[in-house]
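# Tertiary structure, described
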Amino acid sequence: MHPELSRKLGELPDLPGIYIFKSEAGEALYVGKAKSLRRRAAAYRKPADDPRIALMLHDAADVEFVVTDSEAEALLFENNWIKRRQPRFNIRLRDDKTYPYLKLTLADGHPRLAFTRRVRRDGAEYYGPYLPAGLARKAIKLTQKLFGIRVCRIDIDGSLPRPCLYYDMKRCLGPCVDGLTTDEAYADAVEKARLFLAGRNEELLKDLRARMRTLADELAFEAAARVRDTMHEIDEVSQRRKLRSARGEDVDIFGVHISGDNAAVTVLVMRGGQVLDRRELFWEGVSRITAERLLSELLPQLYDRTTLIPKEIHLPAPIEGEEALIEWLSRRRESRVYLRMPSRGPKAQRIALANRNAAMAFRRRFRGAGVGGEAGAALRKALDLADPPRRIEGFDISTFGGSQTVASLVVWNDGRMVKGQYRSFNIRGLSQADDFAAIRQAVSRRYRRVLEEVGDMPDLILIDGGRGQLNAALEALVELGVDETPVVGLAKREEELYLPARPAPLRLKRSHAGLRVLQQVRDEAHRFAVSRHRRRRSRRTLHSRFDDLRGIGPQRRKLLVRRFGSYAGVAQASEQQLSDVLGPKLARSVYAAVHGERSRSGK
């Protein structure tokens with residue numbers, strides 16, 4: 001240990017706070033919290049059992065500290081430091097999955113309702129989180145149906161000539177068209193939606209009941225009936241919420257599996273007595289960390305990212321600073337939170353189940369780590385990335401004479417292609433072949449939706465093409481504000497790599513592990529784009545007159561061809577002959593359609 005470091009450790013006060021180990025260059029290496037900084041410092045002056053801590057102490061040359069009022073406050077300081085400085089010897093939560101919220105944009109003149117996974121200080125009101133995520137979509141649809149709140153992004157000034165389909169479906173009041181509603185009526189709908197989304201349904205029902213009586217007194221019975229139906233739906237939602245909250249336990253169950261320098265954690269999320277979600281988290285190169293230290297550093301970071309804090313947290317191992325974590329979680333939840341380490345009974349069986357899930361997740365993640373890990377490390381070095389890319393998304397374009405252009409998106413994740421996450425885009429608005437515009441549109445549509453619904457960007461974006469295609473993708477990312485995501489173009493002819501900050505293309509050896517992965521992703525994106533393009537062309541060119549007959553699908557078409565030989569044979573058949581194959585009702589419809597067509601054509 002550095003002599004100056006040893007001296008400073010001996011000077012730490014007997015108070016709660018955080019301590020920061022630093023290198024000679026001033027880099028933050030490790031941040032920790034302690035109920036007593038002095039007692040914690042004494043532990044570091046002894047030989048370290050943890051290889052990670054031993055390596056950190058070897059690199060450390062200085063230590064700083066910040067005194068806090070309590071250990072719970074120290075936990076919050078530690079968490080903020082880890083997020084801001086990202087010390088390399090701390091366990092960092094890289095997974096940024098969060099549960100969805102509904103956002104009401106009160107700063108807008110006509111607030112809109114939106115689905116989001118990011119809570120910001122932007123003057124909007126946020127409701128949630130929703131678990132499972134599908135409930136957020138249902139809540140949007142129900143709020144539209146009940147109150148007519150808009151979900152579109154357009155600027156509202158009343159100048160549009162006609163409203164969109166939501167107005168015709170009675171899902172929006174139509175503030176975009178002058179005269180369809182008033183500012184007062186829309187503001188009233190927003191207030192009712194706020195009460196509904198906040199769960200203040202008794203207050204909302206009281207207002208609606210008064211409104212229904214007023215309408216009935218004015219003899220507006222149809223409007224009163226609509227208010228009555230709205231009240232019934234709100235009451236049903238309220239009853240379901242009460243049943244769900246009273247039905248069972250709210251608990252998060254953690255499982256851990258550690259092998260060598262890699263670790264996996266599984267979290268089973270139980271709400272109302274049902275397991276509604278499972279999260280999987282992974283770490284590489286953690287130098288045989290213990291489950292106790294892993295969970296101690298993970299839990300504050302995990303629960304700092306969500307308001308979905310359970311009443312109980314079940315752990316397979318004890319953690320450091322348990323009392324401070326309980327105090328902090330209870331304050332955030334606004335009710336008591338319990339940490340438990342069950343050793344017998346059903347709760348211990350749940351822990352065992354979570355551990356088995358963690359072990360299976362570990363095997364799935366790291367069984368292909370040889371190929372994925374080698375390629376990721378090679379790409380990180382070649383492309384000057386901050387970390388080895390674990391997820392690569394590749395784009396390609398397929399077109400035929402400038403028409404029916406299709407863009408493909410394929411996904412490579414941890415050494416394998418994930419076909420279930422492939423996507424295709426029918427490119428709109430192009431009058432001629434324009435690969436640059438097509439790439440720009442596909443990238444924009446993909447990551448606009450990612451930001452609105454998912455919130456996590458890939459580690460690397462691969463564009464099939466050279467400098468022009470790369471610049472088109474960069475333009476789309478800049479417009480979305482996510483241009484920090486690494487992007488690379490791969491040209492087919494010379495297998496050259498084009499990077500945003502590099503004027504000349506980069507050439508790697510054909511045997512380069514990273515290049516082989518990029519070629520695999522590029523070739524798969526090309527194959528997928530061509531297959532989607534062929535399917536789209538075939539849908540447009542392969543058309544049978546049987547397709548125009550209502551009620552005739554592939555199976556009934558086979559029956560008709562088997563009996564009558566062709567469409568012409570069907571046209572010559574009597575209604576009774578058709579009835580023998582299709583049944584009376586459908587035969588009557590087909591006969592009328594065929595003979596109506598023949599009469600229109602003059603046959």
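From a predicted model like this one, the values you see are computed outputs, not experimental measurements.

### Looking at the packing of aromatic side chains
- In this structure the tally under the stated criterion is 8 aromatic pairs.
- Geometrically, the ring pair formed by phenylalanine 21 and tyrosine 44 is edge-to-face, given 5.1 Å between the ring centres and 70° between the ring planes. Placement of phenylalanine 21 in strand β1 (residues 17–22) and of tyrosine 44 in helix α2 (residues 37–44) is noted, with a sequence separation of 23 residues between them. With respect to burial, phenylalanine 21 and tyrosine 44 carry one shared label: buried.
- Connected via pairs of aromatic rings, a cluster forms that spans Tyr19, Phe21, Tyr30 and Tyr44.
- Directly above the aromatic system of tyrosine 338 lies the positively charged group of arginine 336, at a separation of 5.4 Å from the ring centroid.

### Focus: the sheet that holds strand β4 (residues 101–104)
- Spatial ordering of the open sheet is given by β5-β4-β6, a layout of 3 strands whose pairing is antiparallel. With one partner strand each, in any of the chains shown, β5 (113–116) and β6 (125–127) form the two edges of the open sheet. Here the strands of the sheet are splayed against their neighbours by 30° on average, with no regard to which way each runs.
- The sheet contact formed by β4 and β5 spans 4 bridges and is antiparallel. For leucine 104, the partnering residue across the bridge sits in β5 and is leucine 113.

### What about unusual backbone geometry?
- Positive phi values are uncommon outside glycine, yet aspartate 384 reaches one of about 60°.
- Along the chain, aspartate 384 falls in the loop between α13 (369–383) and β12 (391–400).

### Details of helix α5 (residues 134–147)
- An ideal rise of 1.5 Å per residue puts 20 Å on 14 residues; α5 measures up with 20 Å between its terminal C-alpha atoms.
- Among all positions of α5, only Ala136, Ala139, Ile140, Leu142, Thr143, Gln144, Leu146 and Phe147 are buried.
- Where α5 ends, the next residue or the one after it, glycine 148, has phi of about 70°, a positive value.

### Considerations on the pairing of strand β16 (residues 460–464)
- Extensive coverage of β16 is indicated by the burial of 5 of its 5 residues.
- Along β16, one buried face is formed by Leu460, Leu462 and Asp464 and the opposite face, lined by Ile461 and Ile463, is buried too.
- Examined bridge by bridge, β16 and strand β17 (residues 487–490) share 4 bridges and lie parallel to one another. Paired with isoleucine 461 across the two strands is valine 487, which belongs to β17.
- Read from β16 through helix α15 (residues 467–480) to β17, the crossover connection turns out right-handed.

### What to know about the side chain of glutamate 297
- Structurally, glutamate 297 can be placed in helix α10 (residues 291–304).
- The class for glutamate 297 is buried, based on a relative accessible area of 6%.
- Of the polar contacts made by the side chain of glutamate 297, one reaches the side chain of asparagine 90; its length is 3.3 Å.
- Ignoring anything within four residues of it in the chain, the contact list for glutamate 297 reads Tyr30, Arg52, Asn90 and Ile91.

### Re the side chain of serine 330
- Relative to the elements of secondary structure, serine 330 occurs in helix α11 (residues 322–333).
- Residues contacting serine 330, with those up to four places away along its chain left out, are Ser335, Arg336 and Val337.

### Topic: the pattern of salt bridges
- Scanning the model with the defined rule gives 26 salt bridges in all.
- The residue glutamate 64 makes a salt bridge to lysine 22 at a minimum N-O spacing of 3.2 Å. With glutamate 64 in strand β3 (residues 62–67) and lysine 22 in strand β1, the pair connects residues that are 42 residues apart, well separated along the chain.
- Accessibility expressed as a relative area gives 14% for lysine 22, which makes it buried.
- Three or more residues are tied together by salt bridges with common partners; here these are Glu27, Asp59 and Arg88.

### Remarks on the confidence of the model for the protein chain
- In the predicted model, the protein chain carries a mean pLDDT of 83, and the fraction of residues at 70 or more is 91%.
- Note that pLDDT drops below 50 for residues 242–247; the model gives that stretch 3 contacts with residues more than four away or on any other chain.

### Some words on the packing of helix α4 (residues 71–85) against α11
- Relative to each other, α4 and α11 sit at 80°, their axes nearing to 8 Å. Relative to α11, α4 is oriented roughly perpendicular. Here Glu71, Ala72, Leu75 and Leu76 of α4 come into contact with α11, specifically with Ala324, Leu325, Glu327, Trp328 and Arg331.
- Of the residues in the contact of α4 with α11, the class split is 6 nonpolar, no polar and 3 charged.

### Some words on the sheet that holds strand β7 (residues 251–259)
- Strand order in the open sheet formed by 5 strands is β9-β8-β7-β10-β11, and the pairing between neighbours is mixed. Among the strands making up the open sheet, the edge pair consists of β9 (274–283) and β11 (338–340). Direction aside, the axes of adjacent strands within the sheet are offset by 20° on average.
- Running at roughly 135° to β7, α10 makes contact with β7, β8 (262–271), β9 and β10 (312–314) of the sheet.

### Topic: the nonpolar core
- Within the largest apolar cluster, 33 residues are counted, with the highest numbers of intra-cluster contacts made by Phe254, Val265, Trp283, Leu299 and Ile313.
- Among the elements that take part in this core, α10 stands out by supplying 7 residues, more than any other.
- Not counting chain neighbours up to four residues away, the residues in contact with tryptophan 283 comprise Ile91, Arg92, Asp261, Asn262, Ala263, Val265, Leu294, Leu298 and Phe366.
- Membership of the second largest hydrophobic core comes to 28 residues, among which are Tyr127, Ala136, Ala189 and Leu205.

Analysis parameters
Residues numbered from 1 in each chain as written. Predicted model: local features only at pLDDT ≥ 70, side-chain atom pairs only at ≥ 80, totals over all residues. Heavy atoms only, no water. Phe/Tyr/Trp six-rings, centres within 6.5 Å; stacked < 30°, edge-to-face > 60°. Helix = DSSP H or I, 4+ residues; strand = E, 2+ residues; numbered from the N terminus. Buried < 20%, exposed > 50% of the residue type's maximum accessible area, 1.4 Å probe, protein only. Lys NZ or Arg CZ within 6 Å of the ring centre and 35° of its normal. Pairing = 2+ DSSP bridges. Axes fitted to C-alpha atoms, helices over the stretch in contact; angles between N-to-C directions. Expected span 1.5 Å × (residues − 1). Right-handed = clockwise from strand over helix to strand, strands pointing away. Polar contact = N/O pair within 3.5 Å; in protein donor to acceptor, adjacent residues only side chain to side chain. Contact = heavy atoms within 4.5 Å. Salt bridge = Lys/Arg side-chain N within 4 Å of Asp/Glu carboxyl O. pLDDT = per-residue confidence, 0-100. Parallel < 35°, antiparallel > 145°, perpendicular 65-115°, else oblique. Nonpolar A, V, L, I, M, F, W, Y, C, P; charged D, E, K, R; others polar. Core = buried A, V, L, I, M, F, W, Y, C linked by side-chain atoms within 4.5 Å.

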